[in-house]
Every structure is written in structure tokens, then in C-alpha cells.
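Structural features, examined
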Amino acid sequence: MGPVSNVASGSKRKLIPTKPSGKDSKGSESNKDIKVDNNEEELQEELLANIINDSDTSDEEFNGSEYLDDSDEEDDDNDVDSNNVEDESEEDADNDNKSKSTSASPKTGKSQQKPSKSSVLRKSIGSEDISDIDTEEEDEFDEEEEDEEEEHSEDDSGLENDEESKSENDEENKSDSKESSKKEKTSKTEKQIEKNAKKLDNIKLDSLSKSKQKKLSKQKENKKEQTDEEDKTSTAKKSDTENEKGHGDNKSEKKVSKKESKGKKKYETIFPGNGEYQNETDTSDEEDIRNTVGNIPMNWYDDLPHLGYDWSGKKILKPEQSDQLDDFLSKMENPDFWRSVKDPQTGQNVRLSDADIKLIKNIRNNKYPDAEYNEYAPWVDWFSSEVMKMPLNRAPDHKRSFIPSKSEAALVSKFVYSLKMGRMKSTSWMRRHRKDLSKKRFFMLWPSDTDAEEMRRVHNHIPAPKRFLPGHAESYNPPGEYLFNEREIKEWEELKGQVWNRKLHFIPQKYNSLREVPAYKNYMKERFTRCLDLYMCPRARVMKVKIEAEDLLPKLPDPRDLQPFPTTLALEYLGHTNFVRCICVEPQGQFLASGSDDLTVKVWEIATGRCVRTIPAGGVVRSIAWCPNTALSLMAVAADRKLLIVNPRVGDILIQTKTDDLMSEPPEGVVLPDKVKAVVNWEVPEVELWDADGLRIVLNHFKELRQVTWHGRGDYFASVMPEGANRSVLIHQLSTRKSQIPFGKAKGLIQCVLFHPVRPLFFVATQMNIRIYDLVKQEIVKKLFTHSKWISSMSVHPGGDNLLVGTFDRKVLWFDLDLSVNPYKVLKLHGSAVRSVAYHKRYPLFATCSDDLSVIISHGMIYSDLLQNPLVVPLKLLRHHRMKKDYGVFDVAFHPSQPWVFSCGADNRILLYT
Amino acid sequence: MAEDENAVVEPSEEVMSEVQLKFFTKQEKYAVPDTVFAVQGNLGVSGLNSLINEILKEASNVDEYKPVQFDFLVAGELLRTTITSFLESKGVSCENVIDVEYLESTPTPSPLDCILHDDWVSAIDFYNDWILTGSYDHSVHIWTRRGEHKLNIPGHGGPVKGVAWLYNDGSDAAFISVSTDQTAMLWEWKIESNSIECIHVCRGHERGLEAVTVSENKQQFATGGWDTLLKIWSADVNKERGGGDETGGDEGTTSKKRKKEYSSASSRTPLITLKGHKEAISAVQWIATDEILTSSWDHTLKLWDAELGGMKSEIVGNKSFFDVHYSPLSKLVITASADKQIRLYDPRIKDGAIVKSTFSSHKEWVQSVRWSPIDSQLFTSGSFDNSVKLWDLRSPKVPLFDMLGHEDKVMCVNWSDYRYILSGGQDNSVRIFKTKHQPKSGDGKKSTSQ
């Protein structure tokens, strides 16, 4: 005990420098009472007391049997208790010895715990008797402590050497199977116990370094603290008992209360830091103080004579194996045998400390192994609903604590929505609903007479007409007037062929009683027909969708809103004797020129229909064009192979004469290239023709001309010879009297050409396509695809951005040159080949004429807003021409200023529509 | 009570319904007692006529009562159908008493004569028994009222589109002719010697002329044509007479020769040229001392101030105007335009073109319209449907008379003398109809004095 006690005292010295260590005197108990506030002093005293107690117990333990008997008397039933007590008696002696030999430090701690332990033990063992025991506590203070210790030691011994315990303690065997189960539990704590044992060994072995000492002392301190805590609880009880018994001094009470307060304090300080545990981890360093083999299974050394190596590298030899006799002897002699455990590290027997035993005991009793832990500590409701002044936690509130929860909001909105939609019902609704359900409910057995019957297949079902209720005639006992007399029966018979004309479908009959009424023979038949009627005739109200033909037509403005446009035949210009192939209106709008198959060109006064002039053309006139230059009185006439430039000699006389002057002086030195000469040659007509017919220039072409057209300025004009291959288009200049062949290659059978009204563009229509050439750059600008077979004519809008094309396959195509190379609109208005198309110069009108004798006037509005597409509305069909040789209307032309249109046809007439 | 009757006889209303009429007249000699007559609804003009005549006959107590033809004015319009249908069309209730004004009907014009030309007659004027016609054969003709050809005056280089008497005092006469050869010619004609002389050739128009009119004081005349200009010329005959020695009258000389002669006749330049029309002027009329009314193809009628030389007002129509005539009696303007209708305008209304009424019966373009010189209600029209019609303002749907006879389009009509309606047409003829109606006491003198 000496060195250990020294160590302990050394460690204590820090705390209690003045007091000497070791067990000194019994009388120090009195000191205990005298001691005051000073913690250290208290501790010191406690230590002393413990030692004294220890000694006391050893003494008393021998007499323990007596006590045990008493206890037995008190609760006979408790086997465990009795066992324990018996064990106690055996080991009391050991206890005494050990208290002397083994380390004092654990004892000092334990000595203090005695009262508390006893109380706890009692609780666990026989809670009913607590009060009784408590009464005895004072007297048997120490004995109790010993009881506990015995209990533990018994367990331990059982664990270590089963045989021993079994053999030695008959009662133990008798005791119970509980022990075995307890053993299992305790196995867990073995390690701890071992540790403790090591510690103890450590102390024994004196391998002390300062630091280690310190650590040890710390450990001890902790243990002390633990014991203090235990005190705290135990003393509370103690005080109770003292109070009850009235034995306790005031002083002792004071001390206890102080201890209590102190213990509490300590607990509080220890609790958050878990210092106890930390200290235990520290002990890992201490584990292998003597044996340096490390944490290896020690059975590796089973075959070796040594156990490991100490600090200085020397082998630690296995201690001598004691044989059974030795064991027995030691068992008999050594009072601590039951609590000695073999340390596998050292092979030494280690005496388990009281604390270890207590720990084991606790575990075996399903208690907290740490006896100091107060499981009944008052609950502090930190996280209560009360708002405290200071936060519990230094950490700032989480963001979600002040931001409304999105998921909750979603949930709420989901609920609200489903409430709105009626999927979810409010509780009030459900309550009402339940109430309604609980009420008696009545159902219509048959559908009502008025409401429409719901049928699965038939919508808008009309219920079948009800049968009439039976009247008096149907009665089995009808009044006399309902019965048929002879005449009525005769009538009935007569109507046999036409049953439906009968007033009644049966003959009313009279029976004396209902019993005599026979079965109704038509019953089945009538039911059957009725059923047939019901299901063969579903009687659905058919909803007929009325679609007016007009609704399907596109929305077009009312033609009346698009006035003025020509609507009626106003004038006829009669005089030609053959087809009138072409017409052209003078730019001023006073005269009209027409070319005919009767080989003449006629000039008409528009207002009166007077033929002002007739010019023999010498060939079939296929095209005629008035020179757009108002300063010149000229027109170009394409007659067979000749292109005649004629002065029609109408209009301003001054201009006529000036034109003649101009024409009579051909520019000199004009030399046409041979290539051109082969195609065309300019010729001044003879004087007679000059005077009589007004011919000014004749251009002899090499092929038959189809068309002649002027450039807007009136200087250039183009002629078309479809058969001329690559020379089919010629462009002539009047002022210089030159001709050009603009195209080197034949792109197809050229049908007609046009000059752009504003820009230097030239439209060339072949059979299928239209090419637009830039005359300045001499390149092709665009190619328009008509998707039709044969183009007959084209007309360009005065604005220049829209082109109207008529085809022989009955189509009229509207090209928006800005829009696409494909037609913007395809109008299939005519029933036959479209011969000619024309735009009006001022009004948004265009006219088309066809071989089906019709002239169709259409509205063709072009908006200055580039985003708005042209509006095309057919307005008026004018059909006044007459068919001749399958030809209808050849040409159509608008008056330059009035909304009038002229047409000429195969019936030799020219018509004016206004 | 009338209502009750109506209710009862409703099914056969068409046949049986009675209308209560009250007759009155502004001609006192035909006055009838102020009583309400219930007459059958299906009664027409003839029925009412016989009724009134009966009453008058009874009232006159003279045996040799001569029945008078009356016209009946109901709600400001001449009755032309049965009473009920007329009232229905006007939307007037048959149940009230209807005031019917009756007036002596316009006497039927009778065809008097037909004067044949060599070519279309495009212009005609009448004054003091002398008929002046312009023809497409480039010449002007003078005829007596009886149809006797007095003179053929070739001189123009194109169809003569307008002629107008300047004065005619029985021995001396002067007239103006305009032609598409862009000239107006001022002629002096000595009736007794039947010698014609072109005093002036008025050059200045740039295109063919269409119309001519003489001012009220006979000092000026105005012409209009295809050059859209209205030109006012001096009509002074004597001014430069000495300048031109041409003493024509020889019919033997060829027209060409004549033309040359005339072209050497003194030329005259316009006093005023009025620009404003955008298209051809189709008709001009001098309507007051300094006001000229023109109609044009550009859909407008324009009123010009001849003194100041500017446009006074404008009426915009929606069709080209071919002719216009102004009546000093009613101060209204009737127009012929490029459709079948005759429109009545009031030039005094400044805001826009308010067509007061439209007269539609013609089947083709109407080429010429003329007011009656003595009756503010009557006018005549010539159309391309070969007919000349006599209209009453109060009967817009049905003309009073259709004067048939022309075999081709009528190009011009004239009613400057109240007795005769003359019309010329493309059938190369001038038809003369005699109107029998007399000038009313007040109006007649005025118009005859013209």
C-alpha cells in the first residue's frame, strides 16, 4: 500500500498540501464535522474517512453474517440478496486484507461512495424495502458498502474463474442462471476493468514519471469527483435518514448540504466538456507502460516464456503458473482473491479496485455503468416555447427561419387549389356532408316526366311519348254510353281495313266483376311494339350544322365599295369587217385605235363611236401601240411582217405637223450592222401612202410580227417575232432609226415583251417563263415562273412592281415582283384561253379577256404599305361579245383616265364598257 | 270610319280600296269646289281627268265644254300610275285625305319635220326660225324652220362640234361654229343675199373643240374642248372686218379652197384662257353676265367668272359629264353624264355635289340636255338610245314624252325656242318637234324676248 498511497498522497498534495496522507486515525471523523467550506479540506477529510471506513468495514465484515441474517429476516424472498450477503461473508476477510495491501487511491474514492452505493443498490434490489433499509443505514453504514463490493467481486470471480466460484460457492451455483447472463454483460466491461487493473499495477510497479504521475493524479481527481457526485445523491438520502432518525448533528447536516452544492457545481462544469471521457482516452498512453509489445493478441506469447518487453527492452517473464492447490490456498487465504484478475499483459494478478467492481455491478444490474451519471437530473427545457432574452446558441439564425417556406407554400397552394376544384373538401363541408348523408335520402325511382332522360349513347334524347292513361272505355265496367251500339259496331267492322281510323282500337266490354275479365290478348304484342318503339326509335334531337356556302368564301370587300369600275356596255364601235385583234387607246383618251384582220387600222372617236380614220395596213394587224410620248402623234402597227409607224392625224394639229416634220427628216448616215439588216430594214413609205394613210416609217421584218410595244418615253419600241429564234426580239429607236438585237440566244418561243414603266427593265415572256432583263447592265435580273403552259399576254402595273400575265391555259397570274418569282395570285376566272390582260393607269383595276367571250374586271389594289399584299377582287363579268370561229375576245384596253374598258373580239366589234 | 272600312275590306284592298282626295289647282279657270272625293284607288290619270272634267263640265254649264287634259301632282310628284300604287311607292298613307293638285298637262309635242344631212349632226342651234346645224361633214348648215336648206358652209377641217347664233335680226346674222380642227369660226351671214363670210378664225385651242356659248350681251363667246381650256373670245363682229376681204357665199368653191381662204381670214386670240379642268370640257354655257358654266370629263362642273377670269365654284360628280344646261328660271342645272341618268344639281349649294334628283329612263348614254326656255319644270334630253325625251322635274322616273323618230344615236338637242324641240343625231337627221304649250303669262315674255 505504501508507494501507492504515496502516489496518491502526492497527487492529493496538490490539492491538500498541508494534510498528511494514509490512514491515520479514526478520530478524524470528528474533523469531518468540524470542517468547513474549504473543498480541499473536505476532500481530505473524505479521504480520511474512507480509509477509516475501509478499516471499519473490514472489521464489520466478519460479522456480516449477523447482519445478513437480519437482512434475511427483512426480505426472505430475495435470493439474490441472500446470495450476495453470503458472498459477502466469505470475502469480507479478503476485503480487509486487500484494503491494506492494494492501492489506497481507489479505496479512498470508494469509501465515500459507500452510502450512495448502498442506497442505489437497495433501490435496484428491493425497492420496497428502501425505507426500512434506510432506517438501518446509519447503523450498518459500512456493512452495506461491503455488500455491494461483495456482489461485484462475486461476479468478477465468476467471470475469471468459473470453476472456483462454482466449486466454492454452493449457493452461487444454486443462485441462478441470472449470473450467466450477467457475465455476458460484464464481458463488455472487462476491458475497462483490465485497464483499471493495469493502472493499479502501474502504480505497484513504481514506474513513475512526473507526467504520468500527474495524469494519474488527474485520474484520481476525476474519480474523486465522480465519487463526489455520488455523494451528492447519496448524502441527500443520508440527510433524509438523518433527519428522520434525528441522530444527525447539525454540523454534519451542514457539511452534507455543502457537499451537495459542491457536487452539483462539479457536475455542471463537467457535463458539457465530458472531461471524464477525455481523461480516459488519455489513459491509452499509459496502457503499455511495462510491456511494450503493443496492442496485440497476447496469446501470441502463449508458447513463449515471456510476455513481452519492458521499457528497457528486457523480457517480461511470465509469472510462475500457480497450480490448483496454490489457487485454492490463495483463495482460502487471500481475502481479495475474488477480486483479483490476471492481467494478460503482465501475467500478474491484479486486484480490481472498488470502482471497477462497482462498474461491473452497475452493468450487471442494467444501470448506467457510470454511477455518477444522474439519470434523474432535473430536466432543463431549453428549447421551450418561451422566448428568452439571449439566444441559446451563438450561431445566427438559419436563413430558413425567417424566410417563408417554399415547400409549405406549395403545399398550401396545392390544398387551396384542390379545395377550389372541389377535390378536397373543407372540414365544415365534410361535416355538413356527413350530416346530409346521415339523413334519410329519397331517390326518384323513375325519371321525371319533364327532365330529359340521360342516355349513354343518345345525346339530346327526346323521351318517347307517354301512353295515354286508360279512360272509361277501357274500364271493365264502362258506363253504358261507352259501350258500342249496333251502329258503332258496324262502323268498327267497316274500318277493319284501316285500323288507324278507328276511334278506339278495341270494343269496350262490360263485365260484372273484375274476376270475369279475361286476359288481354294483345298484351304481349303491345308490350313488344312499345319496346320496339322505345329502342328502335332513339328519338335524338339532331343538331344540324348549317354552313352557308357564303361562309366558306373568303372575305372580300363588297364590289360596291370598290367603285368606280365598268359595269355596263356603253358603246359599240362598228366598222371593222373582220376580227378586231388589237386595240389601243390614245394617251389623251380621246381616240382609240384598233387593228383588224380586215387589214386596216381604224381610229375611233371614243365619245361618239365615230371612226375618224381608216388606215390600210397591208396585212393582218396583230398589234398596235400608241406612242406614249404626247409630243408625238404616232402609233406603231404590227401588220404581218411590217411594222408601220403611222401618224394617225388626230389630236393636236400642231403636234401632227411637227411629227410629220420630224419624220420627214430621217437622220443621215445611219448604218445598220449587217446582222440587223438581215432582220429588219427601215423604209420610208411612198409619198402616196405618206399623204393618204399617214404612214411615216415602215420596218420590214424577216418574220411575222406578233407584238409591238413602246417604251414609256416614246423613243424606243420593241417588236416581237415569235419565229425569229434568237432574233425574235428587236428594239428599235425612233429618233436614230436604229435597231438592235438584244438577245444572242433564243431562250424559247418568245410571246411578248414589255418595257418597265419606270426602270430600265425589259420583260420577256417565253411560253412558260418570264425573264426580266436590265437593259443598262445588260443582264438578267429575275426569272418568273408561271407554272403554266403558254403565256398569251402580260401587262405591267404602272407602278412597275406588279405584273399581270394571261395564259392560254385559262389562268391569270398576278406577280408581285418584290414578293417572289412565283405568282402571288393565280386567278382561274375564265373558262377558256385568256387572250389579253390590262391594267388601268389610274384606278386599281385590271381587266382580262378570254375566248369564252367574257371580259372580267377585277379590283387590284396595290398598297403603298409594303407589308400589305395587293388586294385582288374580281368585280364584274362583262359578256357582250359574240363567238365567231371559236374566238372570243382578243384584246382589252382601259381608258387612260376614265374607269372605262374597251374590248375587241372576233365579232368585228369594239365595245366600250362604263 | 275609313279605318273601319279598311279593316273590313282588307283582303281585296288592291281592287276596292278607296282614297279620299281633295283637288285644288293654281289655274283659276279650272277651279273645282273644295270638297273631298272618295275615289277608287285603282284610278289612274285618265280616270282622275275624267272626274275633274265632269266636275268642270257641270260647273261650266256650257254645252260645248271642251275637255282639258290635266296632270295630277301628288306629294310634289306627277302621278303616272294608279293612285294607290303611287302612294305606296311614296310611302304615303291612303287613309288620310290627300291633296291633289291638278294642272293642265303639258301638251304632246308633235313631230314637225325631219331635215336630212350628209353626215352626223353634232350641233344644233335655233333662232328666229333659222336652224343652224353643225355636222361631221366638217360643215355648218343653215336651214329654215320648214326644213329648207339655206346654206352649206364648209370651212372647218374637222367635224363641227358646236354652233351658236350670235345674233339674227332678220337681215343680218352672225354665228359661231367650233370644230375638232381646234378652231372656232365667227361667221356673218347676210340673209337676204344669202352670203356667208367668215369674219374671224379663232385659234388658240390645242385640241379639238367641243362646245361654244355666247354671252348674254353678245359681246363675247366662250369655247371649251379637249385641251381642257376654257377660252373666252371677243364676239365683236365689226372690229376687224376690214381686215378680211373674203366675201364668201360662193358655194361652188371647194371646201379645201374655202378652208384656205378662211384660214387667211383674220385670226383672233382668246381674251381669257381659263385653266382648271383636268380633262376635256364637254359643254359650256354662259349663264349670267359674267358667269360661265362648264362640264368636263374630269367629273366636275365648274362655274367660272368671266370678268375676273377664275373659277367660282365646282361641283364634283362621279361620272364624266357630257352636257350641262342651266335654267335661269329654276336656277338649277341638269347634266348628262357617262351613264343613263340625268342628274339635277343646284349650283347654289356650295358643299359638295348634291344631286337633287336623278332622272332615269334612258337606256344609253345621254348626250345632251336642254331646259325649256319658258317652263322651269320641263327639260328635254337626247340620248344614244335613239330617243329624245321630254321631262318634268316632278316626274323623275317617267318622262312626259318620248319623242321617237331618230334611227340612230341622238347627239344634240335644242330647245331655245319654246315652240320647237330640235334634235340631231347620227342618223344624219335633225328632227323638229313642235311643242304646243304656251308661255305662261309671266314667264313667256321673258323667254321669248331672248
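This structure is a prediction, so every number in the text was calculated from the model and none was measured.

1. Some remarks on the overall build of chain A
Of regular secondary structure, chain A possesses 25 helices and 33 strands. Counting only residues that meet the buried cut, chain A has 38% of its 914 residues in that class. Taking contacts inside chain A between residues at least 6 apart in sequence as the whole, the part at least 24 apart equals 58%.

2. Some points on the overall build of chain B
Broken down by element type, chain B carries 6 helices and 34 strands. Each of the 450 residues in chain B was classed as buried or not, and the buried ones make up 48%. Of the contacts made within chain B by residues no fewer than 6 positions apart, 52% connect residues no fewer than 24 positions apart.

3. Quick look at the interface of chain B and chain A
With 16 residues of chain B in contact, the opposing surface of chain A contributes 13 residues. Of the residues that constitute the side of chain B that touches chain A, the class distribution is 8 nonpolar, 3 polar and 5 charged.

4. Notes on the sheet that holds strand β3 (residues 70–74) of chain B
Residues and elements named next belong to chain B. Spatial ordering of the open sheet is given by β2-β1-β5-β3-β4, a layout of 5 strands whose pairing is mixed. Here the strands that pair on one side only, and so sit at the sheet edges, are β2 (36–40) and β4 (77–78). Here strand β1 (residues 18–24) runs beside strand β5 (residues 97–104); their pairing, made up of 5 bridges, is parallel. The residue of β5 that forms the bridge with F23 is V100. Running over the sheet, helix α3 (residues 45–60) touches β1, β2, β3 and β5 and is turned about 110° from β3.

5. A few points about the pairing of strand β13 (residues 183–190) of chain B
Residue and element names in this part refer to chain B. Burial analysis of β13 places 7 of its 8 residues in the buried class, the great majority of the element. Sheet topology places strand β12 (residues 172–179) next to β13; 7 bridges connect them, and they run antiparallel. Among the inter-strand pairings, S177 is bridged to a residue of β13, identified as M185. In this structure, the hairpin formed by β12 and β13 is closed by a connection of 3 residues, where Q182 is found at a positive phi of approximately 75°. Pairing analysis gives 8 bridges linking β13 to strand β14 (residues 195–203), with the strands arranged antiparallel. Considered in β14, the bridge of E188 is made with E197.

6. Comments concerning the environment of H138 of chain B
Structurally, the position occupied by H138 of chain B is in the loop between β8 (130–135) and β9 (139–144). Spatially, the C-alpha atoms of H138 of chain B and P154 of chain B are 6.2 Å apart, while their sequence positions differ by 16 residues.

7. Topic: unusual backbone geometry
With an omega of 5°, the peptide bond running from Q563 of chain A to P564 of chain A counts as cis. Note on placement: P564 of chain A falls in the loop between α22 (549–552) and β5 (569–573). Non-glycine residue K218 of chain B carries a positive phi angle of around 60°. Inspection of the secondary structure assignment puts K218 of chain B in the loop between β15 (209–214) and β16 (220–225).

8. A few points about the pairing of strand β33 (residues 910–913) of chain A
Residues and elements named next belong to chain A. Where burial is concerned, the two faces of β33 agree: the one with I910 and L912 and the one with L911 and Y913 are both buried. Bridge analysis of β5 against β33 gives 4 bridges, and the strand direction is antiparallel. Along β33, the bridge assignment pairs E572 with L911. Where strand β32 (residues 901–905) meets β33, 4 bridges bridge the pair, whose relative direction is antiparallel. Within the sheet, the bridge partner assigned to C904 lies in β33 and is I910.

9. Examining the confidence of the model for chain A
Detailed reading of predicted coordinates is not advised where the pLDDT is low. Residues and elements named next belong to chain A. Of all residues in chain A, 67% attain a pLDDT of 70 or more, and the chain-wide mean is 73. Per-element confidence in chain A ranges from a low mean pLDDT of 39 for helix α1 (residues 2–15) to a high of 93 for helix α18 (residues 406–421). Within the model, the stretch residues 1–189 combines pLDDT values under 50 with 273 contacts to residues more than four positions away or in other chains.

10. Describing the sheet that holds strand β11 (residues 160–168) of chain B
Within the open sheet, the 5 strands sit side by side as β11-β12-β13-β14-β18 (chain B). Their pairing is mixed. Two strands in the sheet have a free side with no partner beyond their single neighbour: β11 and β18 (267–268) of chain B.

11. Thoughts on the environment of S320 of chain B
By secondary structure assignment, the location of S320 of chain B is in the loop between β23 (310–316) and β24 (321–326). The class for S320 of chain B is buried, based on 27 C-beta atoms found within 10 Å. Once residues lying within four places of it in the same chain are set aside, the contact partners of S320 of chain B are Q898 of chain A together with W297, H299, S337 and A338 of chain B.

12. A word on helix α19 (residues 427–438) of chain A
With 12 residues, α19 of chain A should cover 16 Å at 1.5 Å per step; its first-to-last C-alpha distance of 16 Å lies within 8% of that length. Sparse coverage of α19 of chain A is indicated by the burial of 0 of its 12 residues.

13. Re the confidence of the model for chain B
Residue and element names in this part refer to chain B. Per-residue confidence for chain B averages 79 on the pLDDT scale, and 86% of its residues sit at or above 70. Scored below 50 in pLDDT, residues 1–15 shows 6 contacts in the model against residues more than four places distant or in partner chains. Contacts for the low-pLDDT stretch residues 441–450, under 50 throughout, to residues beyond four places or in other chains number 12 contacts. For this predicted complex, the interface score ipTM comes out at 0.84, alongside a pTM of 0.59.

The rules behind each value
Residues numbered from 1 in each chain as written. Chains lettered and ligands numbered in written order. Predicted model: local features only at pLDDT ≥ 70, side-chain atom pairs only at ≥ 80, totals over all residues. Helix = DSSP H or I, 4+ residues; strand = E, 2+ residues; numbered from the N terminus. Buried ≥ 20, exposed ≤ 12 C-beta atoms within 10 Å, placed from the backbone. Contact = placed C-beta atoms within 7 Å. Nonpolar A, V, L, I, M, F, W, Y, C, P; charged D, E, K, R; others polar. Pairing = 2+ DSSP bridges. Axes fitted to C-alpha atoms, helices over the stretch in contact; angles between N-to-C directions. pLDDT = per-residue confidence, 0-100. Expected span 1.5 Å × (residues − 1).

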